[in-house]
Amino acid sequence: VLPKPVLILNVATKSGGVDAQEGEGEDATTGPKGVSVHPRTLVVAEDASRLSIVQSCVDLESDNDQSVFHPTLYNGYTQIFVKGTANVTHSYLEESGGFVTAGVEKTDDQFKEGERTAREIEANRPELKNTHLETMDVHVMGEEGFYQGTVLSLGGSGRVRIALSVSLLQARSHASVNGFALSGGAQRTDMKTNIHHVAQGTTSEQMQKNMIGGRATGAFRGRIRVEQSAQQTESQQLSRTVLLSDKCRAWSVPSLEIVADDVQCTHGATVSDLSEEELFYLRSRGLDVATARNILMYAFANNVAECVDPAIMGAQDSASGLQKRIIQRLENLVPVGERAVRGEFQSA
């Protein structure tokens, strides 16, 4: 048993580790050369062990960094083996790619003459050329093995795709999978999950939350498969998506594939706006519109974020804890003004 979480930190610089000499020979047509990184992580939890592991991808920020930006392809792969009655808590935090540009959902006539539009600023944001890919493959190999996985996608890379697969291979093993994906600006974010029930009496629960603003596109595809050998399986899956603007797009595709006949499985998906009723309640207590919306946005994300190890979340008054960083990114996407399209599809 480890008393503190194991922290695996992947840090990206603006130059991607390319020095000035290596960058020579770039032409104006193609721009700076791209950089690719392929980190690999292997975790083996032996019988009766207990482990909390946190993987974090962040930017190395420096006011004195004058290096040339190089587009980065991050292609990570993680394998986790849970043996015997081991208990593994796993958190994956994606915070690289800087901040997206706020207000890209505004039309051009909402800006002053001669003023750069938010869409133009976002289109020229260097990190929009970055691509972040991560595949996580988890095998629960022991009877009564336990795996809890939490994925937070908060970064500003232009293209983000995270795939998590969990296989429950022995009787009475359990998996809990929680995810939160925040998309804004001109991002494209994909979250894919696969929970595979192979043995009898296995259980799983999944909560996926997505928040999409600006002109971003967010997609969730979650698959649960129950084999013939996995009788008496219990599995629950729920996907909830909140749209912050009229210009963003969302796809949510939960799915169940059941071959066994003695199971209890449910799944569902919702797509909605921030609740006007809840906003009215907060504003009646003296809060302005932006603050009320930010509170609702954080409440939506919090029950996934609180699954991360408390040592990483930090105290409420911490200036650098994960909780504070989540609030800053949510504040960057708080909707301004009233929705152009308003209907009955409100979050509950």
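Below you will find a few notes about this structure. Each residue is numbered by its place in its chain's sequence as written, counting from 1. Selection of residues for local features in this predicted model requires a pLDDT of at least 70, selection of side-chain atom pairs for listing and counting requires 80 or more, and totals for whole chains, interfaces and linings are taken over all residues. Just so you know, side-chain values use all the structure's heavy atoms and leave hydrogens and water out.

The next subject is the layout of surface pockets. In this structure, the largest pocket spans a volume of roughly 510 Å³. Definitions used for this entry: grid spacing 1 Å over protein atoms alone; cavity, a set of points where a 1.4 Å probe fits but cannot get out; pocket, an open set with protein on both sides within 12 Å along at least 5 of 7 lines; lining residue, one with an atom within 4 Å of a point. Along the wall of the largest pocket there are 27 residues; nearest its centre are Ala12, Thr13, Lys14, Asp59 and Asn130. For helices the rule is a DSSP run of H or I covering at least 4 residues; for strands it is a run of E covering at least 2, with both sets numbered from the N terminus onward. Secondary structure elements with two or more residues in the lining of the largest pocket: strand E1 (6-12), strand E2 (35-37), strand E4 (50-59), strand E5 (72-82) and strand E7 (131-140). Here the lining of the largest pocket gets 3 residues from one element, more than from any other, and that element is E1. Any residue outside Ala, Val, Leu, Ile, Met, Phe, Trp, Tyr, Cys, Pro, Asp, Glu, Lys and Arg is labelled polar, Gly included; the first ten of those are nonpolar and the last four are charged. Class assignment of the residues belonging to the lining of the largest pocket gives a composition of 8 nonpolar, 14 polar and 5 charged. Grid points are joined across faces, edges and corners, and a volume is the space filled by probe spheres set on the points.

Before going further, it helps to examine the environment of Arg125. Mapped onto the elements, Arg125 comes out in the loop between helix H1 (118-123) and E7. Separated by 61 residues in the primary sequence, Arg125 and Ala186 have C-alpha atoms spaced 10.0 Å apart. Here, two residues are considered to be in contact whenever any of their heavy atoms come within 4.5 Å of each other. Discounting chain neighbours no more than four positions away, the residues touching Arg125 are Gly97, Phe99, Val100, Thr101 and Gly156. Whenever a nitrogen or oxygen atom comes within 3.5 Å of another N or O atom, the pair is scored as a polar contact, on the condition that within protein one atom can donate a hydrogen and the other can accept it, and that pairs from neighbouring residues in sequence are kept only if both atoms are in side chains. A polar contact is formed between the side chain of Arg125 and the backbone oxygen of Gly156, at a distance of 2.7 Å.

Our focus in this paragraph is the packing of aromatic side chains. Note on aromatic pairs: the rings of Phe, Tyr and Trp (six-membered ring only in Trp) are paired at centre separations within 6.5 Å, and the planes decide the class, stacked below 30 degrees, edge-to-face beyond 60, tilted for the rest. Under the definition given, this model contains 0 aromatic pairs. We call a charge positioned over a ring when the NZ of a Lys or the CZ of an Arg lies within 6 Å of the ring centre and within 35 degrees of the ring normal. A cation over a ring is seen here: Lys209 above Phe300, with NZ or CZ 4.7 Å from the ring centre. Above the plane of the ring of Phe99 lies Arg329, whose end atom (NZ or CZ) is 4.3 Å from the centre.

This part is about the sheet that holds strand E14 (residues 233-243). Here 8 strands make up an open sheet; going across it, the order is E1-E4-E6-E8-E10-E12-E14-E16 and the pairing parallel. A single partner strand is all that each edge strand has here, and the edge strands are E1 and strand E16 (263-272). Across this sheet, the average inter-strand angle for adjacent strands is 5 degrees, counted without regard to direction. As paired elements, strand E8 (residues 146-153) and strand E10 (residues 174-183) share 8 bridges and run parallel to each other. In the sheet register, Leu152 faces E10, and the bridge partner there is Phe180. Strand pairing is assigned whenever DSSP detects at least two bridges linking the two strands. Angles shown run from 0 to 180 degrees and are taken between the N-to-C directions of axes, each axis being a line fitted to C-alpha atoms and, for helices, limited to the stretch in contact.

This part takes up empty space enclosed by the protein. By the definition in use, this model includes 4 cavities of 30 Å³ or more. Lining the second largest cavity are 13 residues, with Val100, Leu154, Leu182, Arg329 and Leu333 positioned closest to its centre.

The periodicity of an α-helix, 3.6 residues per turn, causes residues three or four places apart in sequence to face the same way. A helix is expected to reach a length of 1.5 Å times the quantity of its residues less one. Given a rise of 1.5 Å per residue, 17 residues ought to cover 24 Å, and the 24 Å separating the end C-alpha atoms of helix H3 (residues 289-305) matches this to within 8%. Its maximal kink placed at Ala299, H3 deviates by approximately 25 degrees. Each residue is placed in one exposure class: buried if its accessible area under a 1.4 Å probe, protein chains only, is under 20% of its type's maximum, exposed if it is over 50%, and partly exposed if it falls in between. Looking only at H3, the buried set comprises Ala292, Arg293, Asn294, Leu296, Met297, Tyr298, Phe300, Ala301, Val304 and Ala305. What we call the bend at a residue is the angle made by axes fitted to the seven residues finishing there and the seven residues starting there.

Within a regular strand, the side chains alternate between the two sheet faces. Of all 8 residues that make up E8, 7 are buried, and the element is covered over most of its length. Looking at chain direction, strand E6 (residues 87-94) and E8 are connected through 8 bridges and run parallel. Paired with Glu94 across the two strands is Ser153, which belongs to E8.

Attention shifts here to the side chain of Gln208. When you line up the elements, Gln208 lands in strand E12 (residues 203-212). Within the local environment of Gln208, its side chain forms a polar contact with the side chain of Asn210, the two groups lying 2.9 Å apart. Ignoring anything within four residues of it in the chain, the contact list for Gln208 reads Gly179, Phe180, Ala181, Met191, Phe220, Leu238, Ser239 and Arg240.

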